[in-house]
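What follows is each chain in one-letter form.
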Amino acid sequence: MAEIIELPREERSRSNERVDERLGGGYLADGALSSYLGNAETVAFVLHAKRGGVTVERDGGTETYKPSRGYRTVVAITDLRVVIAIGGADGGGDRVVPIPLSTVTRVETDSGLLRERLVVRTEVGERWSIPAGSDLDPVVAYLETARETWSRANRFAVRVEDHLTTARDRLDAGDPDGARDAADAALSAIASGREEVRALDLGDRVLDHAEFDAYRADVRAIQRRALADTADEHVERGERAERDGRLRAAHDALEAARDAAERALSIDADEPPDERLRERIETVERDRDRLETRPRERAKTALEDARSIDDPERRARRLTDALAAHRDWLGHCWGPSSPFAGDPDEIRAAILEIVDETVDVRTAVIDRLLAAAERLRAGGRTGQALSACDQADEQLEATQDVVSELAPDRDDALRAVRVEIDHERALIEREAGRAEDVSGPDDRAASDEPPSAGPDSSASATETVAGVTTKAADPARSERDHGHDGDAVREQSSDEFEFPGAERDRVTIEAEIRAMDEAAFTRFVAACWNELGWETTIFAQSRGQYDVMAIRRQLVDLRVVIWTVHDPGGDLDPSVVDRCVTDRDNVQRADAAAIVTTATVPDPVRERADRHDIKLLDFADLLDLVDTEGLADLALDKNN
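What counts, and where the lines are drawn
Residues numbered from 1 in each chain as written. Predicted model: local features only at pLDDT ≥ 70, side-chain atom pairs only at ≥ 80, totals over all residues. Heavy atoms only, no water. Helix = DSSP H or I, 4+ residues; strand = E, 2+ residues; numbered from the N terminus. Buried < 20%, exposed > 50% of the residue type's maximum accessible area, 1.4 Å probe, protein only. Contact = heavy atoms within 4.5 Å. Areas by Shrake-Rupley, 256 points an atom, 1.4 Å probe, with all protein chains shown as cover. Pairing = 2+ DSSP bridges. Axes fitted to C-alpha atoms, helices over the stretch in contact; angles between N-to-C directions. Parallel < 35°, antiparallel > 145°, perpendicular 65-115°, else oblique. Left-handed = near helix turned anticlockwise from the far one by under 90°. Nonpolar A, V, L, I, M, F, W, Y, C, P; charged D, E, K, R; others polar. Phe/Tyr/Trp six-rings, centres within 6.5 Å; stacked < 30°, edge-to-face > 60°. Expected span 1.5 Å × (residues − 1).

**Things to note about the overall build of the chain**
Tallying secondary structure elements over the chain gives 17 helices and 17 strands in all. For the chain, the proportion of its 640 residues judged to be buried stands at 44%. Taking contacts inside the chain between residues at least 6 apart in sequence as the whole, the part at least 24 apart equals 63%. For the chain, the exposed area adds up to about 32,500 Å²; of that, 45% sits on carbon and sulfur atoms.

What follows is the structure in structure tokens.
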């Protein structure tokens, strides 16, 4: 005979205790029925049969388990499982078979002449036939509801698993944004699933046993990793933007990196560890703070550098750089929400000061050029006098551009300078016309011919041994002083000022240098240093280190190692600076290091050279040196 015990809803919260009380004990060999149930399970029904056994059909075969004499078959139907306990059926002990409700596919009854059985089918193809009492409808209804609720929960679980798999795959593929999108989709599926399952009769109980909380933990782990990876991506984007000079974009990237790292730290998960995320936040904040002061520091350094130079023409060029740096600084700190350090009013005042300095310095250069033009005119050197006026025009035009835009109140002073230049040019042209009337064009042309240097003015003697070419310095130049930053410059009074003829203008010199091969360019650079009072040694290119050693003989010798990079139209690679730093540090008794190049020097490369104290002479600087120091002959001499 089989009986069904239904526990009222109000008793199910302590159903394990009530089950044993209702059964009365003695039905199982190894202990009470409650010993086979979990603390979190809630029993709804208990079936027990004195003689009936349990039959299971699987894989085409059938097995039957029966209780031993004096024991019974007891079945507990909970919100989680169907637990079958067959007393004494397993070698004297109880045989216990748990069937999770999440695996149940069908529930039915099998009615016979003398008995009725409960039939439970599972997803692995098993058919369990359990002895039961005569009224199985409540049991079947409960199991059907439980089966449907668990089936609904399982469907959502599959959907959540799919989203989590996608999130992990995207994370592994380096797509943190895609991983976060998939994790958000998993959260939406969890929320929808919980809402739908909870609406069912056994929904709350099923949710208590489902893995939804574990899914939330998986989602948090993915979100934390994805946000940490996003922070790293923003840092890399900021570094690229800073190298390109896009400081606002770099600052925005660092702000985004800090935000992503802080959000990752707020998520309850284990990886990455809290300490690593805190270190990332601290690093980002340091880089951001440094970036906010960079325009200011660059502008102030450029101005200090310009003011440290005595030569007016070189100082004017550096003031132009300082002006550009200050205008860039003003652009970065403009606006009430700008993060960059600086007071716009103070910067504008500094810009006007730089403009005034630029006008004063360039006016001094123009005065020197006009004085030289007057002397050349007096000496009958018309071509060179006009060349001096041309250079004065260039200086005035450069000054006029700055003044017109930033300090129009200085226009009157510049107009006066224009009158002086035009007046001097008119005098030169008038006296040249008189000279032509007196001597004829042939005599005038001869008067502009530079004097012959003579046999003793050839380049210093050279000697080549084992791939190393040395050139001794001209003793007559040994008393020349050095300019700012170790640049060898010739101190020249206005009485000695000379200008190249038209055939040796800047365009011609630039073309000649561009046409050189690498070896010729190295020889040219060495010749320039030699002409400026240095002893130079050229090393074979196969040596793999610096190209020229220049020594200045003084009370304490000054040694400079020089690398030459001849690449007109190309960009100087930052690796050249790194190589120079390494080689310089390995050279004994090297006081300074320099790179002379015809390549374009990007700002990040120039800044890297400054940081490592590598002096950089770019193509424009080299042409200026040739102009200022009268080294045009070296560029035109193919055998220098």
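This is not the end of the story, as more comes after the structure.
**Details of the sheet that holds strand β9 (residues 116-122)**
Pairing is antiparallel in the open sheet, where five strands are placed in the order β4-β3-β10-β9-β8. Each edge of the open sheet carries a strand with a single partner, namely β4 (61-65) and β8 (104-111). Here the strands of the sheet are splayed against their neighbours by 20° on average, with no regard to which way each runs. Where strand β3 (residues 54-58) meets β4, five bridges bridge the pair, whose relative direction is antiparallel. Each residue of the ladder has a partner; that of Val56, found in β4, is Glu63. Docked against the sheet, helix α2 (residues 137-172) engages β8 and β9, running at close to 165° with respect to β8.

**Some remarks on the packing of helix α6 (residues 247-266) against helix α7 (residues 274-307)**
Where α6 meets α7, the axes come as close as 9 Å, and the angle between the chain directions of the two elements is 160°. For the element pair α6 / α7, the angle class is roughly antiparallel. Once α6 is placed against α7, the crossing between them reads as left-handed. Each residue belonging to the contact of α6 with α7 can be placed in one class, and the counts come to 12 nonpolar, one polar and 12 charged.

**As for the packing of helix α8 (residues 312-332) against helix α10 (residues 382-406)**
Direction vectors running N to C along α8 and α10 enclose 25°, while the axes themselves pass 12 Å from each other. As far as their axial angle goes, α10 and α8 are roughly parallel. At the point where α8 passes α10, the crossing takes the left-handed sense. Contacts between α8 and α10 involve Glu313, Leu323 and Arg327 from the first element and Gln395, Val402, Glu405 and Leu406 from the second. Split into classes, the residues belonging to the contact of α8 with α10 amount to three nonpolar, one polar and three charged.

**Side note on the packing of aromatic side chains**
For the structure on display, the rule yields three aromatic pairs. Each ring, one from Phe45 and one from Tyr142, has its centre 5.8 Å from the other, and the planes form 70°; the classification is edge-to-face. With a gap of 97 residues between them, Phe45 in strand β2 (residues 43-49) and Tyr142 in helix α2 connect regions that are remote in the sequence. When the ring of Tyr546 is compared with that of Trp563, the centres are 6.2 Å apart and the planes differ by 80°; the resulting orientation is edge-to-face. Residue Tyr546 is located in the loop between β13 (535-538) and β14 (548-552), and its partner Trp563 is located in strand β15 (residues 558-565); the two are separated by 17 residues in the primary sequence. When sorted by exposure, Tyr546 lands in the same class as Trp563, which is buried. Feature note: the residues Phe539, Tyr546 and Trp563 constitute an aromatic cluster, connected by ring pairs.

**Observations regarding α6**
Over its 20 residues, α6 runs 29 Å from end to end, which matches the ideal 28 Å to within 8%, given 1.5 Å per residue. Turning to α6, its buried residues are Leu247, Ala250, His251, Ala253, Leu254, Ala257, Ala260, Ala261 and Ala264. Those residues of α6 that are buried lie in contact with α5 (212-243), α7 and α8.

Functional significance is not addressed by these values, which are geometric in nature.
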